[in-house]
Each structure stands twice: as C-alpha cells, then as structure tokens.
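Remarks on the overall topology
Residue-level listing of the chains:
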Amino acid sequence: MPDTKPEIELDDLGSKGRYVFRDAGAVAEMTFSKAGEHMIIIDHTEVPDAFRGQGVGSRLVTRAVEDARAAGKKIIPLCPFANAQFRRHPEWADVLKS
C-alpha cells in the first residue's frame, strides 16, 4: 500500500507564513516571520492532541529546513519546539542562523 500521509502545505502570507498539516479535520501549524530575503524566524508550532506522538511537529520543522536549504536561507528557531528539533539534528547546522 503506498504512503498516503497528507502533505504539508506552505501558506506564504508576505512577511509571514506558515506550514500546515491537515488530516481528519485536525490542523497542525508552524508559523514564521521573514527577516529579509535570506532568513526566516520560526516563532510558533502548534500540534493538536489528535496528532501527538505521530511526528507531525517534527515533519513541519523538517519541511521548513528543506525549503530553507533549497532557497539558500537561514532559520532562527525562536519557538521552543523548533529550537529543540535543531538541537536534535546537527545535520541541519547549514541552515541554522548562528
């Protein structure tokens, strides 16, 4: 059976944006602000109880890392959850704003 997990969507709202995961009526999101052309600040991650323990929050941060890497951007993870994910993934150092 093929993997049918819902995709994470990017809502680009100008100076702000969010990554969204929707499934079975529940919504998880990670919001960010743009700091110039080459940097984003992850400021909030919210995962409803319906998704707890399924790695949805991690998938949201991973998608932001992949997008930043592809666009040559850096990330400042102000959100405590995103910051913890960066500490767990030293391979993301190339997109972490030091």
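Residues numbered from 1 in each chain as written. Predicted model: local features only at pLDDT ≥ 70, side-chain atom pairs only at ≥ 80, totals over all residues. Heavy atoms only, no water.

1. Concerning the packing of aromatic side chains
Across all of its chains, the model carries three aromatic pairs by this definition. With a centroid separation of 5.0 Å and an interplanar angle of 80°, the aromatic rings of phenylalanine 21 and phenylalanine 51 are classed as edge-to-face. Placement of phenylalanine 21 in strand E2 (residues 16-23) and of phenylalanine 51 in the loop between strand E4 (39-46) and helix H1 (56-71) is noted, with a sequence separation of 30 residues between them. In this structure phenylalanine 21 comes out as buried when scored by relative accessible area, which is 4%. Of the residues examined, phenylalanine 51 reaches a relative accessible area of 4% and is grouped as buried. For the pair phenylalanine 86 and tryptophan 92, a centre-to-centre distance of 5.3 Å together with 70° between the ring planes defines the contact as edge-to-face. We classify phenylalanine 86 as buried; its relative accessible area is 6%. The class for tryptophan 92 is buried, based on a relative accessible area of 6%. (Phe/Tyr/Trp six-rings, centres within 6.5 Å; stacked < 30°, edge-to-face > 60°. Helix = DSSP H or I, 4+ residues; strand = E, 2+ residues; numbered from the N terminus. Buried < 20%, exposed > 50% of the residue type's maximum accessible area, 1.4 Å probe, protein only.)

2. Describing the side chain of glutamine 85
Position of glutamine 85 relative to the elements: it lies in helix H2 (residues 80-88). Overall, the relative accessible area of 6% leaves glutamine 85 in the buried class. Separated by 3.4 Å, the side chains of glutamine 85 and serine 58 make a polar contact. Ignoring anything within four residues of it in the chain, the contact list for glutamine 85 reads Ser58, Val61 and Trp92. (Polar contact = N/O pair within 3.5 Å; in protein donor to acceptor, adjacent residues only side chain to side chain. Contact = heavy atoms within 4.5 Å.)

3. Concerning the pattern of salt bridges
Scanning all chains against the criterion turns up seven salt bridges. One salt bridge connects aspartate 11 with arginine 18, and the closest N-O pair in it is separated by 3.0 Å. Aspartate 11 sits in the partly exposed class, given a relative accessible area of 23%. Note that arginine 69 and aspartate 94 form a salt bridge whose closest N and O atoms lie 2.8 Å from each other. Taken together, the positions of arginine 69 in helix H1 and aspartate 94 in the segment after H2 put the pair 25 residues apart, joining distant regions of the chain. Judged by its relative accessible area of 37%, aspartate 94 is partly exposed. Through salt bridges with shared partners, one network takes in Asp11, Arg18 and Glu29. (Salt bridge = Lys/Arg side-chain N within 4 Å of Asp/Glu carboxyl O.)

4. Notes on the environment of isoleucine 75
Mapped onto the fold, isoleucine 75 is located in strand E5 (residues 74-77). Through-space distance from the C-alpha of isoleucine 75 to that of alanine 93 is 9.7 Å; in sequence the pair is 18 residues apart. With residues near it in sequence (within four places) discarded, isoleucine 75 still touches Ile40, Ile42, Ala64, Val65, Ala68, Phe86, Val95, Leu96 and Lys97.

5. Quick word on the pairing of strand E3 (residues 26-34)
Within a regular strand, side chains alternate between the sheet's two faces. With seven of nine residues buried, E3 lies mostly within the body of the structure. The antiparallel hairpin formed by E2 and E3 contains two residues in its connecting segment, where alanine 24 sits at a positive phi of about 50°. When E3 meets E4, the two strands line up antiparallel, connected through six bridges. Residue threonine 31 lies in a different strand from E4, and its bridge partner there is histidine 44. Between E3 and the antiparallel strand that follows it, E4, lie four residues; glycine 36 among them carries a positive phi value of about 80°. (Pairing = 2+ DSSP bridges.)

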